[in-house]
Amino acid sequence: MGKSPIYDKLIDSIEKSGKDLIDLCLQLGNMPSYHGKERKLGEAVLAWLGSCGINGELQLITEESVNAVATLAGSGTGKNLIWNAHMDTGPELAPDASELEKKLDTAWIDGEMLFGKGMINDKAQLCAFMIALRAIKEAGIRLKGDLILTAVAFETGNPSIDQHQGIDFPGEGFGTKWVVDRGVVADYALVGETSGFGIVQAECGAAWFKVQVKGREVYTPRFERGRSIQENPNAFAKAAHVIMAIEEWAVEYEKRETMEFAGGTIIPKAQIVQARGAERVGRPSPFCDLFIDVRILPGKNPMAVKQQIIAVVHKLAIECEVSLFQYSRGYIAKGAEPLISAVTAAHRYVFNSEPPKPPSAETSMWRDLNVFNEVGIPSICYGPPRQRESLSGAQNRAMKISDLVQATKVYALTALILCGVEWGGE
């Protein structure tokens, strides 16, 4: 692709907006927006866009949970594109949260780095879309197709299980499902998430299982372990054996299910994320519930995974009940070639190089592009890389400011390439 005065003008405008991007990140990053409580952030997003002459509306899911949708209308002669990013940052902090947990729940700048759990996932990318949208508007560019920003709720929602039921426990991707069901659709959707500047063309499905290990409530002075773990009435002692068996299965599952495809490598993983008994400590619990998060390849049947887990625990001859309580399907994008080509061309223009393959972790999780691909809107993900730091357990809650600026440029050029330019920008 040769040099374009319109592209160069837009890139220069975004480069000069670096401070505005940082200020917006800090503003939105320091506004609490736990899943199910995104309304104030959604209102702030629309207020900022409104000040730039870009109109939008709130979609209420509940009184406190919303999607914010804004559109830069095109002439109606080109392809329509959705930019999607989520506002929610996970569950609300516990009252006894540590000072470090509280700090990671905010946003701050240190040198050339942007920090914060919610900033990286996913408010920084939302801010990049907002700055890119303003840059296109202020450049006087009229696109041929509509450019739609969806800032969504509940991407990180907890699933419904046991006493946790109802709309506040919808599982992942509920905000994007809500926005699509209410008619916000397009020809393509670009999800802004971290991707190491790679183009993510597929994501895993997510299957959540509950394994209830059954024991008996025996008063401690009358407790007898028996001659084997099968005879032991203690549910937690039994569960320890089940946990180790599931862990061994998970190691082999990851190796067996790894898949190479044109867009990279998918490595589905599984782990036990919670173990709990009855809500008491004065008496032995007659059961121990184990909760397993299993990522599964696109197109795979979660019931086949359930049967594998049943087979694992059956070998132990320990009484267990296995149930699937949440399932979200994974997809490999189909028909996304025009969007992939547009992102590739934009990346090449900004970086003067080809996009790298995305890290396997980025193609092995569940993200909102699955929602779009499920309803036939070809969708991919693109964004800056995460950086390692010493504060968080995951050591990936930081981003280079320069990377976020570069991603903003790529987002803007992608819209021009895919939607087409009717006029303006000279």
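Above this text you will find the structure in question.
The shown structure was predicted, so the numbers you read here are calculated from the model rather than taken from an experiment.

*Asks:* Looking at this structure, I do not really get the overall build of the protein chain. What am I missing?
*Replies:* On a plain count of helices and strands, the protein chain comes out with 12 helices and 19 strands. Relative to the globule expectation of 22 Å for 426 residues, the C-alpha radius of gyration of the protein chain, 24 Å, shows essentially globular dimensions. Expressed as lengths along the three principal axes of its C-alpha atoms, the size of the protein chain is roughly 85 × 45 × 40 Å. Among the 426 residues that make up the protein chain, the fraction classed as buried is 56%. Partitioning the contacts of the protein chain with sequence separation of at least 6, the portion at a separation of at least 24 is 79%. Here the protein chain has roughly 18300 Å² of accessible surface; of this, 50% comes from carbon and sulfur atoms.

*Asks:* Whenever I open this one, the nonpolar core confuses me. Can you help?
*Replies:* Nonpolar side chains in soluble globular proteins tend to end up buried together. Membership of the largest hydrophobic core comes to 74 residues, with the highest contact counts inside it found for Leu10, Leu81, Trp83 and Ile136. Counting residues per element, this core draws most heavily on helix α5 (residues 117–138), which supplies 13 residues. Apart from the residues within four sequence positions on either side, leucine 10 is in contact with Ala135, Ile136, Ala139, Ile141, Ala412, Leu413 and Leu416. Residues Ile229, Ala250, Ala270 and Leu290 belong to the second largest nonpolar core, which totals 25 residues.

*Asks:* Help me understand helix α3 (residues 39–51), please; the structure alone is not making it clear to me.
*Replies:* Residues separated by three or four positions in an α-helix point in the same direction, a consequence of the helix having 3.6 residues per turn. The end-to-end C-alpha separation of α3 is 18 Å, in line with the 18 Å expected for 13 residues at 1.5 Å each. Residues of α3 that are buried include every one of Leu41, Gly42, Ala44, Val45, Leu46, Trp48 and Leu49, and no others. Looking at the packing, one finds that the buried side of α3 touches α2 (18–29), β1 (56–60), β2 (66–72), α5 and β7 (147–152). Residue glycine 53 follows α3 closely and has a positive phi angle near 80°.

*Asks:* Please explain the state of the cysteines as it appears in this structure.
*Replies:* Any covalent bond linking the sulfur atoms of two cysteines counts as a disulfide. According to the stated counting rule, one finds zero disulfides in the structure shown. Not engaged in a disulfide, the cysteine cysteine 320 finds its nearest cysteine sulfur in cysteine 288; these two sulfurs lie 9.5 Å apart. For cysteine 419, which is in no disulfide, the shortest distance to another cysteine sulfur is to cysteine 381 and amounts to 18 Å. Judged by its relative accessible area of 2%, cysteine 419 is buried.

*Asks:* Looking at this model, I keep getting lost on the packing of helix α1 (residues 5–16) against helix α12 (residues 401–419). Mind explaining?
*Replies:* The interhelical angle for the contact between α1 and α12, taken along N-to-C directions, is 150°, at an axis separation of 10 Å. The handedness of the crossing between α1 and α12 comes out as right-handed. In this structure, α1 uses Ile6, Tyr7, Leu10, Ile11, Ile14 and Glu15 to contact α12, whose residues at the interface are Val405, Gln406, Thr408, Lys409, Ala412, Leu413, Leu416 and Ile417. Across the contact of α1 with α12, the residue classes tally to 10 nonpolar, two polar and two charged.

*Asks:* Just checking my understanding: could you explain the packing of α2 against α3 for this structure?
*Replies:* Packed helices, taken two at a time, are described by the angle between their axes plus the distance between the axes. Packing of α2 against α3 leaves a shortest axis separation of 10 Å and a crossing angle of 155°. Considered as vectors, α2 and α3 are oriented roughly antiparallel to each other. Seen from above, α2 lies across α3 with right-handed handedness. Between α2, through Leu24, Gln27 and Leu28, and α3, the contact on the second element is made entirely by Leu41, Ala44, Val45 and Trp48. Residue composition of the contact of α2 with α3, by class: six nonpolar, one polar and no charged.

*Asks:* What am I meant to see in the side chain of serine 33 here?
*Replies:* Along the polypeptide, serine 33 turns up in the loop between α2 and α3. Assessed through its relative accessible area of 1%, serine 33 is described here as buried. A distance of 2.8 Å separates a polar atom in the side chain of serine 33 from the backbone oxygen of methionine 87. The residues touching serine 33, leaving out its near neighbours within four places in the chain, are Glu38, Leu41, Met87, Asp88, Thr89 and Lys123.

*Asks:* Mind showing me how you'd approach the pattern of salt bridges here?
*Replies:* It is possible for side chains bearing opposite charge to pair when their charged atoms get close. Enumeration over the complete set of coordinates arrives at 24 salt bridges. Aspartate 289 is paired through a salt bridge with lysine 210; the nearest N and O atoms lie 3.6 Å apart. Linking aspartate 289 in strand β14 (residues 287–296) with lysine 210 in strand β10 (residues 205–214), this pair joins segments that are 79 residues apart in sequence. Residues aspartate 289 and lysine 210 agree in their burial class; the two are buried. One connected set of salt bridges, linked through shared partners, spans Asp162, Lys210, Arg276 and Asp289.

*Asks:* I'm lost on the sheet that holds strand β18 (residues 398–400) in this one. Help?
*Replies:* Each strand in a sheet pairs with another by means of backbone hydrogen bonds, the pair being arranged parallel or else antiparallel. With respect to topology, three strands assemble into an open sheet ordered β4-β5-β18, the strand pairing being antiparallel. If you trace the sheet from one side to the other, it starts and ends with β4 (108–110) and β18, each paired once. In this sheet, neighbouring strand axes are inclined to one another by 30° on average, regardless of whether the strands run parallel or antiparallel. With three bridges joining them, strand β5 (residues 113–115) and β18 adopt antiparallel strand pairing. Paired with methionine 113 across the bridge in β18 is lysine 400. The sheet strands contacting α12 are β4, β5 and β18, and the helix crosses β18 at an angle near 70°.

Criteria and cut-off values
Residues numbered from 1 in each chain as written. Predicted model: local features only at pLDDT ≥ 70, side-chain atom pairs only at ≥ 80, totals over all residues. Heavy atoms only, no water. Helix = DSSP H or I, 4+ residues; strand = E, 2+ residues; numbered from the N terminus. Rg over C-alpha atoms; globule rule 2.2 N^0.38 Å. Buried < 20%, exposed > 50% of the residue type's maximum accessible area, 1.4 Å probe, protein only. Contact = heavy atoms within 4.5 Å. Areas by Shrake-Rupley, 256 points an atom, 1.4 Å probe, with all protein chains shown as cover. Core = buried A, V, L, I, M, F, W, Y, C linked by side-chain atoms within 4.5 Å. Expected span 1.5 Å × (residues − 1). Disulfide = S-S within 2.5 Å. Axes fitted to C-alpha atoms, helices over the stretch in contact; angles between N-to-C directions. Left-handed = near helix turned anticlockwise from the far one by under 90°. Nonpolar A, V, L, I, M, F, W, Y, C, P; charged D, E, K, R; others polar. Parallel < 35°, antiparallel > 145°, perpendicular 65-115°, else oblique. Polar contact = N/O pair within 3.5 Å; in protein donor to acceptor, adjacent residues only side chain to side chain. Salt bridge = Lys/Arg side-chain N within 4 Å of Asp/Glu carboxyl O. Pairing = 2+ DSSP bridges.

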